[in-house]
Amino acid sequence: MEALILEVATRGLYRYYPIERESTTIGRALDNDIILSDPTVAPHHVRITRSADGRIAIDNLSSVNPARIARQKIDSVRIDELPLQLELGRVRARLLTRDHAVAPTRPIAGDDRASHLFGHASWAVALVVACLLAGGFEYYFNAYNSFKWTDPIKFVLRETVFTLGTLILALAVLERLLVNRWEIKQLVISVCLVYLSFHGLGLVADGLGYLLSSNWPVLLFDLGWYLLLVPMAITLYLVHISHLRPRRGIVLALLIAGPLAVPSLLRNPNLIALLDDFSNAARYHNSLSALNWHLAPTLSIETFADQAQRLPPGRFAD
C-alpha cells in the first residue's frame, strides 16, 4: 500500500506525518502513532485504517471535540478519494497522497542580492536616514518662525523615530505570531518606503491644492491613503514578503489598517469641513476659482486702499 501523508497546519507552516501502517491512531497521548499536543485534541482522537483494496476508514475515538469532516461530526466513515479535510479539536489537517501537487516555491525577497532593494541591510540604513531627513524637512517647511537647529532634531526624535519604531515593532510582533519568524530587514525597508511615499504624495496633494485653489486634492489624498494605499501596502508585504495567502493577507491588512484609519480620518480638518459648515481650517482659498492658477497680478496695499475708499457704502471690493 502506498503511504499517505497527514498535513497539519501550524501558524502558516505545516507539519507532515507519513501514514504507512494498516492502522494509525492520532491523539495527544504518547502511545499514539501521531502525537498532536494541542489541548483540544483528545488523548486518542481518531483511528485511520487502510484496507488492501486501497479504501480508507476513519473512526472517531473521542467524545469531547469529536473529529469533523467538512464541519460535520463523524463516528465512522469510509473514504474513496483524497485529499480530505479533517478537523481534530481546533487542529486542521489534510489527508494527502504522496503525489499530491505542492504550491510553487516562493522566492525570498532580495535573496541577499546587494543590488536588490530588499537584498541588503545597507538599503534599510539608507532609507532610515532618508526618513529622518524627510521628518526634518517637514518641520522646516511647517515652521513659520525662526528656530534653532535643535528644534528639528527634537521633532525628528519625537515624531519620525517614534512613528517608524512603533510601526516596525507592531508589524514585527504580528509577523512573529502569524508565520513564526522575523523579517526585520524587509520590514524596516517596507515601513520606510511607506513613510517616504506618504510625505512625497502629501507634497503633490498640497501642490495640487494650491494650484487648483481647492482642498479636494488633499481630502482625496487623505481618504485614498488610509482607505486604499495603506491596506494595499500591508497586503503586498504580507503576500510577497511573509508569503501569506492573498485572501488572508487582504483580510489581515484591513484589520490592521482599520484602527489607524478611523481616528486619523475623524480628526482630519478637511473631512470635518466637508461634513460640517464650521471648521477651524482656513477657507479663504475656497473663494478662488478652480481655474485660477495664481498667475494674475496682485494689487499693492496702496492701490487696494484707494479702490476701497472710492466704493459706495455697503459695497465690497472684488
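Residues numbered from 1 in each chain as written. Predicted model: local features only at pLDDT ≥ 70, side-chain atom pairs only at ≥ 80, totals over all residues. Heavy atoms only, no water.

Undergrad: Even after reading the chapter, I still don't get the overall build of the protein chain, so can you show me in this structure?
TA: Scanning the protein chain for helices and strands turns up 7 helices and 11 strands. Residue burial in the protein chain is summarised as follows: out of 318 residues, 34% are buried. Contacts in the protein chain between residues at least 24 apart in sequence constitute 46% of all its contacts with a sequence separation of at least 6. (Helix = DSSP H or I, 4+ residues; strand = E, 2+ residues; numbered from the N terminus. Buried < 20%, exposed > 50% of the residue type's maximum accessible area, 1.4 Å probe, protein only. Contact = heavy atoms within 4.5 Å.)

Undergrad: I tried to follow the side chain of Asp-59 on my own but got confused; where do I start?
TA: Counting through the fold element by element, Asp-59 comes out in strand S6 (residues 56-60). Buried and without a salt bridge, Asp-59 has Arg-78 as its closest oppositely charged side chain, separated by 4.1 Å. Side chain to side chain, Asp-59 and Ser-76 meet in a polar contact 2.5 Å long. Contact partners of Asp-59, with chain neighbours within four places excluded, come to His-45, Val-46, Arg-47, Thr-49, Asp-75, Ser-76 and Arg-78. (Lys, Arg positive; Asp, Glu negative; His and termini not counted. Salt bridge = Lys/Arg side-chain N within 4 Å of Asp/Glu carboxyl O. Polar contact = N/O pair within 3.5 Å; in protein donor to acceptor, adjacent residues only side chain to side chain.)

Undergrad: It is not clear to me how the nonpolar core should be interpreted in this structure. Could you clarify?
TA: Nonpolar side chains in soluble globular proteins tend to be buried together. Ranked by internal contacts, the top residues of the largest apolar core, which has 35 residues, are Leu-178, Leu-187, Ile-234, Leu-238 and Leu-244. Secondary structure elements with two or more residues in this core: helix H1 (121-142), helix H2 (150-179), helix H3 (184-212), helix H4 (216-240) and helix H5 (246-266). The leading source of residues in this core is H4, at 9 residues. Apart from the residues within four sequence positions on either side, Leu-238 is in contact with Leu-178, His-243, Leu-244, Gly-249, Leu-252 and Ala-253. (Core = buried A, V, L, I, M, F, W, Y, C linked by side-chain atoms within 4.5 Å.)

Undergrad: Teacher, can you tell me more about the pairing of strand S11 (residues 91-97) here?
TA: The side chains of a regular strand alternate between the sheet's two faces. Both strand S1 (residues 4-10) and S11 contribute to a ladder of 5 bridges, which runs antiparallel. Across the sheet, residue Leu-6 finds its bridge partner in S11, namely Leu-95. The hairpin formed by strand S10 (residues 84-88) and S11 contains 2 residues between the paired strands, and Gly-89 there has a positive phi angle of roughly 65°. (Pairing = 2+ DSSP bridges.)

Undergrad: Whenever I open this one, the sheet that holds strand S4 (residues 34-35) confuses me. Can you help?
TA: Sheet strands pair via backbone hydrogen bonds, and the direction of the pair is either parallel or antiparallel. Spatially, the 5 strands line up as an open sheet ordered S4-S3-S5-S6-S9, and their pairing is mixed. This sheet does not close on itself; its edge strands, each paired only once, are S4 and strand S9 (76-79). Of the strand pairs in this sheet, strand S3 (residues 23-27) and S4 are connected by 2 bridges, and their pairing is parallel. Across the sheet, Gly-27 pairs through a bridge with Ile-35, a residue of S4.

Undergrad: What am I meant to see in the packing of aromatic side chains here?
TA: The way to describe two aromatic rings as a pair is by their centre distance and the angle between their planes. Taken as a whole, this structure holds 3 aromatic pairs when the rule is applied. For the ring pair Phe-198 and Phe-221, a centre distance of 5.8 Å and an interplane angle of 40° mean the geometry is tilted. Residue Phe-198 is found in helix H3, and its partner Phe-221 is found in helix H4; the two are separated by 23 residues along the sequence. Take Phe-198: its relative accessible area is 28%, and that puts it in the partly exposed class. Centroid distance Phe-198 to Trp-225: 5.2 Å. Interplanar angle 55°. Geometry classified as tilted. Here the residue Phe-198 occupies a position in helix H3, and Trp-225 occupies one in helix H4, the gap between them amounting to 27 residues. A residue is classified by how much of its surface remains accessible, and Trp-225, at 8% relative accessible area, is buried. (Phe/Tyr/Trp six-rings, centres within 6.5 Å; stacked < 30°, edge-to-face > 60°.)

Undergrad: Sorry, what's going on with the side chain of Thr-24 here?
TA: With respect to the secondary-structure elements, Thr-24 resides in strand S3. Leave out the neighbours within four places in its chain, and Thr-24 touches Ile-19, Asp-33, Ile-34, Val-46, Arg-47 and Ile-48.

Undergrad: Would you take a moment to explain the pattern of salt bridges for this structure?
TA: A pair can form between side chains of opposite charge whenever their charged atoms are brought close. Taken as a whole and assessed by the stated rule, the structure comprises 5 salt bridges. Ionic pairing is found between Asp-33 and Arg-21, a salt bridge with its closest N-O pair at 2.7 Å. Here Asp-33, found in the loop between S3 and S4, pairs with Arg-21, found in the loop between strand S2 (13-19) and S3; they are 12 residues apart in sequence, far enough to count as distant. You can call Arg-21 exposed: its relative accessible area is 53%.

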